[in-house]
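# Coordinate inspection notes
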Amino acid sequence: MDFFPSNETIPSQWRIDVPLEQTSYLCDGEIREWSGEQHDVYSPICEGGERKRIGSYPLLDAHNAQEALDAAHKAYNYGRGEWPTMSVEERISRVEAFAYDMREKRDEVVKLLMWEIGKTLPDSQKEFDRTIDYIYATIDALKELDRLSSRFVIEEGIIGQIRRSPLGIVLCMGPFNYPLNETFATLIPALIMGNTVIFKPPKLGVLLHHPLLEVFCASFPKGVVNTVYGAGEKVITPLMQSGKIDVLAFIGSSRVADALKRQHPKPHRLRSVLGLEAKNAGIVLEDADIDLAVKECVSGALSFNGQRCTALKILFVHRSIVDKFNAKFSAAVASLKGGMPWESGVSITPLPEFDKTVHLAELVRDACDQGASILNPAQNRYEHTYMFPVIVYPVRPGMRLYTEEQFGPVVPIVVFDDISEPMEYVIESDYGQQVSLFGTDPHRIAELIDPLVNQVCRVNLNSQCQRGPDIFPFSGRKDSAEGTLSVSDALRVFTIRTLVAAKETDGNRDLIRSIVRDRSSSFLSTDFIF
Ligand code: G3H
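The following paragraphs examine the structure supplied in this document. Here, residues in each chain are numbered from 1, in the same order as that chain's written sequence. With pLDDT at 70 or above as the cut-off, local features in this predicted model cover only qualifying residues; side-chain atom pairs require 80 or more to be listed or tallied, and sums for whole chains, interfaces and linings still use all residues. Side-chain descriptors were evaluated using all non-hydrogen atoms of the structure, hydrogens and water having been removed beforehand.

### Observations concerning the environment of Ser 149
When you line up the elements, Ser 149 lands in helix α5 (residues 121-149). Sequence separation between Ser 149 and Ala 75 is 74 residues, and the spatial gap between their C-alpha atoms is 25 Å. Among all residues touching Ser 149, those that are not within four sequence positions of it are Gln 161, Ile 162 and Arg 163. Every helix listed is a DSSP run of H or I at least four residues long, and every strand listed is a run of E at least two residues long, numbered separately from the N terminus. Contacts are assigned to residue pairs that have any heavy atoms within 4.5 Å of one another.

Right, dumping it as structure tokens:
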């Protein structure tokens, strides 16, 4: 039986009968029409043996990129534009209005998330709601930050007021697996702090931003938010080569991030906020609660088909419990339901990246050629873009699955005798995002925490790896990240501390008093945001 449904069997509210042909883009405060070449968007959901075409978007060119840059530059105007000089309170009210109107678009965005990247309905809804929550949490964090900065400091006879100021033009590029949330997790803090923004949606997950264009357009002054679409070399290279991008906020591969950074003619002027690859390990010690470890590892490795940067991408299990663990893990994976994103109870869905199932099958074959086996051959099913999770055991050094980030539904399990083996793995890995430790002996766990926190940025105890809650710092060492994101850290990374200072003389006191009393400066001000 065909895994993919025919159009008539799809519930009418989730059906796409008419493709969304997006011919518009946002530039300099207006939604402009594009009559040039379009890029076809194919869903991972197939129809008649082929990916279903669900729409298209503009393939803009270097000229459009230049227009977006000019608009962002004009709106920033060397920090003299309306937006960067606007009071924090006013900027907050614009972002609040944006979030309010954005909520109206929830159903449209959620439907497109399911069709463009195959994310399940509950996860797509969660991505949208989490993004709205993130915006409100950012507003609260900024209010708090602003309250702390609304006072003067007097030190060594100098009066000072210290605040955080914007950096300029921010280029935001999010990843396909969280195209809305992770784009907005940089775009919103960058904006609210007074920067102007150019954003390019990821290659997969473009159309879902379309319903938000008019909301951006209505909420912010001209040129504060601009969008570009198309091939990176046509629209991103000229932006970077112009030297006018002040911050690169990019979530994707280190190869692309390095190439983009190299294009900037004055690298010291470019601040980079990067979320890159990871190969987070789950380490299951001999005294672990196996049922708990299995539950966390299944969800850690296979939520959204393993397409999370924080996914557990390799499991190390102690030899004394490996058979029991493997049996329970395989049974838990067998109970996962595959299907279409809108079907109830589904967790495994089609993969959006082109030829991804072929690539994953190669990784599995490579391990099997070198002596590993598939623990769950009976359930394996490949069909076009769909692949039921494959558990590969025992994975060893030398196999591609040992080091390569699979970013998909393949779970490599390594057996170990001595804890030094997974510890060496973490040390030698190119990545340093997170690790999960499963065990119950407090001494043992404590001994491992101390070296591990100096190798990765989050050690999860008896819990899968994850980014949230969003107020926690999210970062990585080595090739996994540059900079730290969290609701409050993001406000810092898109700004620089600036101060106004004056020797404490009667004349300067009167001068400052007068500016504050007349509220003639947004920066030099004691206004308190409630
Ligand atoms: O793809 C990486 C995401 O930041 C992971 O976020 O742990 O909340 O799924 P998550």
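### Details of the pattern of salt bridges
Think of it this way: side chains of opposite charge can pair up when their charged atoms draw near. We define a salt bridge as a side-chain nitrogen of Lys or Arg found within 4 Å of a carboxyl oxygen belonging to Asp or Glu. In the structure shown here, the tally under the stated rule is 30 salt bridges. Taking the shortest distance from any N to any O, the salt bridge between Asp 470 and Arg 467 comes out at 3.8 Å. Ionic contacts of the salt-bridge type, sharing partners, join the residues Arg 130, Glu 182, Arg 467 and Asp 470 into one network.

### Here's the deal with the pairing of strand β22 (residues 458-461)
Pairing between strand β21 (residues 434-438) and β22: 4 bridges, direction parallel. When the sheet's bridge partners are listed, Gln 434 is paired in β22 with Arg 458. Note on handedness: a crossover is taken as right-handed if, strands pointing away from the viewer, the path from the first strand over the helix to the second is clockwise. Handedness of the β21-helix α16 (residues 442-452)-β22 crossover: right-handed. A strand pair is defined by DSSP finding two or more bridges across the two strands.

### Focus on the sheet that holds strand β10 (residues 225-227)
Strands sit in the order β10-β9-β8-β11-β12-β24 across an open sheet of 6 strands; the sheet is mixed. At either margin of the open sheet sits one strand with a lone partner, and together these are β10 and β24 (481-482). Looking at chain direction, strand β9 (residues 196-200) and β10 are connected through 3 bridges and run parallel. Paired with Phe 199 across the two strands is Thr 227, which belongs to β10. Against the sheet, helix α1 (residues 62-76) touches β8 (169-173), β9 and β10, its axis set at about 160° to β9. For every element, the axis is a line fit to its C-alpha atoms; helices are fit only across the contacting stretch, and the angle between N-to-C directions ranges from 0 to 180 degrees. Against the sheet, helix α10 (residues 254-263) engages β8, β11 (247-251), β12 (271-275) and β24, with an angle of about 165° to β11.

### A closer look at the sheet that holds strand β4 (residues 38-47)
Here we have 3 strands laid out as an open sheet, ordered β1-β5-β4, and mixed in their pairing. Each having just a single partner strand, β1 (20-21) and β4 make up the two edges of the open sheet. Pairing analysis gives 7 bridges linking β4 to strand β5 (residues 50-58), with the strands arranged antiparallel. Counterpart to Tyr 42 in the pairing with β5 is Arg 53.

### Details of the side chain of Asn 376
If you trace the backbone, Asn 376 turns up in the loop between β15 (373-374) and β16 (382-383). With residues near it in sequence (within four places) discarded, Asn 376 still touches Val 333, Phe 388, Pro 389, Val 390 and Ile 391.

### So, the packing of aromatic side chains
Two numbers describe a pair of aromatic rings. These are the distance of the centres and the angle of the planes. Only centres within 6.5 Å qualify two rings of Phe, Tyr or Trp (six-membered ring in Trp) as a pair; their planes then separate them into stacked at under 30 degrees, edge-to-face at over 60, and tilted for everything else. Applying the stated criterion to the full structure yields 17 aromatic pairs. Here the aromatic rings of Phe 176 and Phe 407 are separated by 5.9 Å at their centres, their planes lie at 65°, and the arrangement is edge-to-face. With Phe 176 in the loop between β8 and α6 (181-192) and Phe 407 in the loop between α14 (400-403) and β19 (410-416), this pair connects stretches of sequence that are 231 residues apart. Using a relative accessible area of 12% as the deciding quantity, one classes Phe 176 as buried. Think of it in three bands: residues with accessible area under 20% of the maximum for their type are buried, residues over 50% are exposed, and the middle band is partly exposed, with areas taken using a 1.4 Å probe on protein chains only. Note on Phe 407: relative accessible area 13%, which makes it buried. With 5.5 Å between their ring centres and 15° between their planes, Phe 325 and Phe 329 make a pair best called stacked. Within this pair, Phe 325 and its partner Phe 329 are both found in helix α12 (residues 322-334), separated by 4 residues, close to a single helical turn. Look at Phe 325 and you get buried, because its relative accessible area is 0%. In this structure Phe 329 comes out as buried when scored by relative accessible area, which is 0%. The rule for a charge over a ring is simple: NZ of Lys or CZ of Arg within 6 Å of the ring centre, and within 35 degrees of the ring normal. Here the basic side chain of Lys 119 rests over the ring of Tyr 178, its NZ or CZ set 3.8 Å away from the ring centre. Across the ring face of Phe 304, the terminal group of Lys 119 is positioned such that the distance to the ring centre comes to 4.8 Å.

### Examining helix α3 (residues 88-102)
Expected helix span is computed as 1.5 Å times (number of residues minus one). Relative to the 21 Å expected for 15 residues at 1.5 Å per residue, α3 spans 21 Å between its end C-alpha atoms, a close match to the ideal helical length. Within α3, the full set of buried residues consists of Val 88, Arg 91, Ile 92, Val 95, Phe 98, Ala 99 and Met 102. With its buried residues spanning 120° around the axis, α3 presents them on a single face. The inward-facing, buried residues of α3 abut α2 (82-85), α4 (106-117), α5, α6 and α7 (210-219). It is the directions from the helix axis to the C-beta atoms whose arc is reported.

### Describing empty space enclosed by the protein
Every definition here rests on a 1 Å grid over the protein atoms only: cavities are sets of points where a 1.4 Å probe fits but cannot get out, pockets are open sets enclosed by protein on both sides within 12 Å along at least five of seven lines, and lining residues have some atom within 4 Å of a point. Grid points are joined across faces, edges and corners, and a volume is the space filled by probe spheres set on the points. The tally for this structure, following the rule as stated, stands at 4 cavities of 30 Å³ or more. In this structure, the largest cavity spans a volume of roughly 120 Å³. Along the walls of the largest cavity sit 16 residues, with Leu 274, Gly 275, Phe 474, Ala 481 and Leu 485 positioned nearest its centre. An automatic or database domain assignment provides the domain bounds reported here. Taken domain by domain, the makeup of the lining of the largest cavity includes at least three residues from each of domain 1 (25-34 + 60-276 + 486-491) and domain 2 (280-470). Estimates place the volume of the second largest cavity at around 80 Å³. Only Asp, Glu, Lys and Arg are considered charged, only Ala, Val, Leu, Ile, Met, Phe, Trp, Tyr, Cys and Pro nonpolar, and every remaining residue, Gly among them, polar. Looking at the lining of the second largest cavity residue by residue, the class counts come to 7 nonpolar, 5 polar and 1 charged.

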